[in-house]
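# Structural features, examined
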Amino acid sequence: MNFSDSLKKNDDFRNVYKKGKSFANRYLVMYVLENHTDKNRLGISVSKKVGNSVVRHRVTRLVRESYRLHENIFNSGLDIVVVARKNASSAGYAEVESALLHLGKLHHILRIYFY
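The model shown is predicted, which means the values in this text are computed figures rather than measured ones.

### Things to note about the environment of Phe74
Here Phe74 shows up in the loop between helix H2 (53–70) and strand E5 (78–84). Residue classification places Phe74 among the buried positions, given a relative accessible area of 0%. Sequence separation between Phe74 and His57 is 17 residues; the distance between their C-alpha atoms is 24 Å.

Below is the structure:
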């Protein structure tokens, strides 16, 4: 099981945006870049366009929890930045989880495909 850290520094986010690959769906945009370690680092970005701070924190928690529960099927050694889109403000846990796994599948960073 791989445990992950979080991306915190602006430079780290910028680096992933600039050099990483991105895919998007209705609720999320995911950027992925190899970090050459044995851990994943997850960064979550939710802009003010999505909603007020309560809404933004809710979306952040949904994304973080979706990732945490499926962390064991993600490949290791990645910097992953998840950007919430405006639609995410009205999404429930199931939609966010499904969107996250869908993007993981597009990036080919899931170890198993079960859906």
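Text resumes after the structure shown.
### Re the sheet that holds strand E4 (residues 41–45)
One open sheet accounts for five strands, arranged E1-E4-E5-E3-E2; its pairing is mixed. Strands at the two margins of the open sheet, each flanked by one partner only, are strand E1 (5–6) and strand E2 (21–24). Taken together, the two bridges between E1 and E4 define a ladder with parallel strand orientation. Pairing of Ser6 across the sheet is with Leu42, part of E4.

### Overview of unusual backbone geometry
The phi torsion at His36 lies on the positive side, around 55 degrees, for a residue other than glycine. Tracing the backbone through its elements, the reader meets His36 in the loop between strand E3 (28–34) and E4. Classification of His36 by relative accessible area gives exposed; the value is 71%. Positive phi is not limited to glycine here, since His108 has a value of about 60 degrees. Following the sequence through the fold, His108 ends up in the segment after helix H3 (93–106). In this structure His108 comes out as exposed when scored by relative accessible area, which is 59%.

### Here's the deal with the layout of surface pockets
Taken as a whole, the largest pocket encloses approximately 180 Å³ of empty space. Ser4, Asp5, Ser6, Leu42 and Arg64 are, among the 13 residues lining the largest pocket, the residues nearest its centre. Contributions of two or more residues to the lining of the largest pocket are made by E1, E4 and H2. By residue class, the composition of the lining of the largest pocket is five nonpolar, four polar and four charged.

### Focus on the nonpolar core
Counting 27 residues, the largest nonpolar core has Leu28, Met30, Val63, Phe74, Ile80, Val82 and Leu100 as its most contacted members. At the level of elements, E3, E4, H2, E5 and H3 are the ones that each hand at least two residues to this core. The element best represented in this core is H3, accounting for five residues. Sequence-distant contacts of Leu100, that is, excluding residues within four places in its chain, are made with Leu28, Met30, Val63, Ser66, Tyr67, Phe74 and Val82.

### With respect to the pairing of E2
Pairing of E2 with E3 involves four bridges; the strand directions are antiparallel. Counted as the bridge partner of Lys21 is Val32 from E3.

### Considering the environment of Ala24
On the secondary structure map, Ala24 appears in strand E2. By relative accessible area, which is 39% here, Ala24 ends up partly exposed. Ignoring any residue separated from it by four or fewer positions in sequence, one finds Ala24 in contact with Val29, Arg85 and Leu103.

About the criteria used
Residues numbered from 1 in each chain as written. Predicted model: local features only at pLDDT ≥ 70, side-chain atom pairs only at ≥ 80, totals over all residues. Heavy atoms only, no water. Helix = DSSP H or I, 4+ residues; strand = E, 2+ residues; numbered from the N terminus. Buried < 20%, exposed > 50% of the residue type's maximum accessible area, 1.4 Å probe, protein only. Pairing = 2+ DSSP bridges. 1 Å grid on protein atoms, 1.4 Å probe; cavity = no way out; pocket = protein on both sides within 12 Å on 5 of 7 lines; lining within 4 Å. Points joined across faces, edges and corners; volume = space filled by probe spheres on them. Nonpolar A, V, L, I, M, F, W, Y, C, P; charged D, E, K, R; others polar. Core = buried A, V, L, I, M, F, W, Y, C linked by side-chain atoms within 4.5 Å. Contact = heavy atoms within 4.5 Å.

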